[in-house]
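What follows is the residue order along each chain.
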Amino acid sequence: MKSVMFVVVSIVLMIGCQSGVGTVKGGRDVITEEEIRNSNETNLYDVIRKLRPMFLTSRGPKSLRLEESTLPLVYLDGTKYGEAESLRTMPIVGVQEIRFLDARDATTMYGTGHTSGIIMVITKK
């Protein structure tokens, strides 16, 4: 009985793990235009929350003295746009992709002050 239960649980776990394969089309740090369109959401915050919620997680406090955590900043076509909450006001229309850059890559591209990384919104040109 235990071995049958083990086999059933193993099969369920394998099927569950396998169903996630291929669902992230652009990779874990990119949301493609197709994914945005197929999300059935109206603003970018909801798209990200649905498809890549890890983009919207805090990366810890900025310093040892400050206890508040920070979320990634938002950049629109290479220009600083605002805080993560500003994504709620951004419609999905005309967006080509959304990328997450970690703190190291964001600092390399845009200088210091990006301890939680950035969410880069790229529109169609």
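Residues numbered from 1 in each chain as written. Predicted model: local features only at pLDDT ≥ 70, side-chain atom pairs only at ≥ 80, totals over all residues. Heavy atoms only, no water.

1. Thoughts on the overall build of the chain
Moving on, step 1. A count of helices and strands for the chain gives four helices and five strands.
Moving on, step 2. Taken from N to C terminus, the helices and strands of the chain fall in the order α-β-α-α-β-β-β-α-β.
Moving on, step 3. Buried residues in the chain amount to 33% of all 125 residues. (Helix = DSSP H or I, 4+ residues; strand = E, 2+ residues; numbered from the N terminus. Buried < 20%, exposed > 50% of the residue type's maximum accessible area, 1.4 Å probe, protein only.)

2. Here's the deal with the confidence of the model for the chain
Moving on, step 1. Averaged over every residue, the pLDDT of the chain is 82; residues scoring 70 or more account for 70%.
Moving on, step 2. Every residue in residues 4-10 scores below 50 in pLDDT, and together they form zero contacts with partners more than four places removed in sequence or on other chains.
Moving on, step 3. Counted against residues more than four places away or in other chains, residues 16-23, with its pLDDT under 50, gives one contact. (pLDDT = per-residue confidence, 0-100. Contact = heavy atoms within 4.5 Å.)

3. Some details on the side chain of Asp46
Moving on, step 1. Within the element layout of this structure, Asp46 appears in helix H3 (residues 44-51).
Moving on, step 2. With relative accessibility at 14%, the residue Asp46 sits in the buried group.
Moving on, step 3. A distance of 3.2 Å separates the side chain of Asp46 from the side chain of Arg49, its partner in a polar contact.
Moving on, step 4. Apart from residues no more than four positions distant in its own chain, Asp46 is found in contact with Glu41 and Arg88. (Polar contact = N/O pair within 3.5 Å; in protein donor to acceptor, adjacent residues only side chain to side chain.)

4. Considerations on unusual backbone geometry
Moving on, step 1. You will see that Asn40, though not glycine, has its phi angle at about 60°, which is positive.
Moving on, step 2. By the element assignment, Asn40 lies in the loop between helix H2 (33-38) and H3.
Moving on, step 3. Take Asn40: its relative accessible area is 67%, and that puts it in the exposed class.
Moving on, step 4. Even without glycine at this site, Asp77 takes up a positive phi of about 50°.

5. Things to note about the side chain of Thr70
Moving on, step 1. Tracing the sequence through the fold places Thr70 in the loop between H3 and strand E2 (73-76).
Moving on, step 2. Judged by its relative accessible area of 10%, Thr70 is buried.
Moving on, step 3. A polar atom in the side chain of Thr70 sits 2.5 Å from the side chain of Ser116.

6. Digging into the pattern of salt bridges
Moving on, step 1. Scanning all chains against the criterion turns up ten salt bridges.
Moving on, step 2. For Asp77, the salt bridge identified is with Lys125, shortest N-O distance 3.5 Å. One end of the pair, Asp77, is in the loop between E2 and strand E3 (79-82); the other, Lys125, is in the segment after strand E5 (118-123), with 48 residues separating them in the sequence.
Moving on, step 3. According to the relative accessible area criterion, Asp77 is partly exposed, its value standing at 36%.
Moving on, step 4. For the salt bridge of Asp105 with Arg104, the shortest nitrogen-to-oxygen distance reads 3.6 Å.
Moving on, step 5. For Asp105, a relative accessible area of 30% corresponds to the partly exposed category.
Moving on, step 6. When salt bridges that share partners are traced, they join Glu33, Arg37 and Lys124 into one network. (Salt bridge = Lys/Arg side-chain N within 4 Å of Asp/Glu carboxyl O.)

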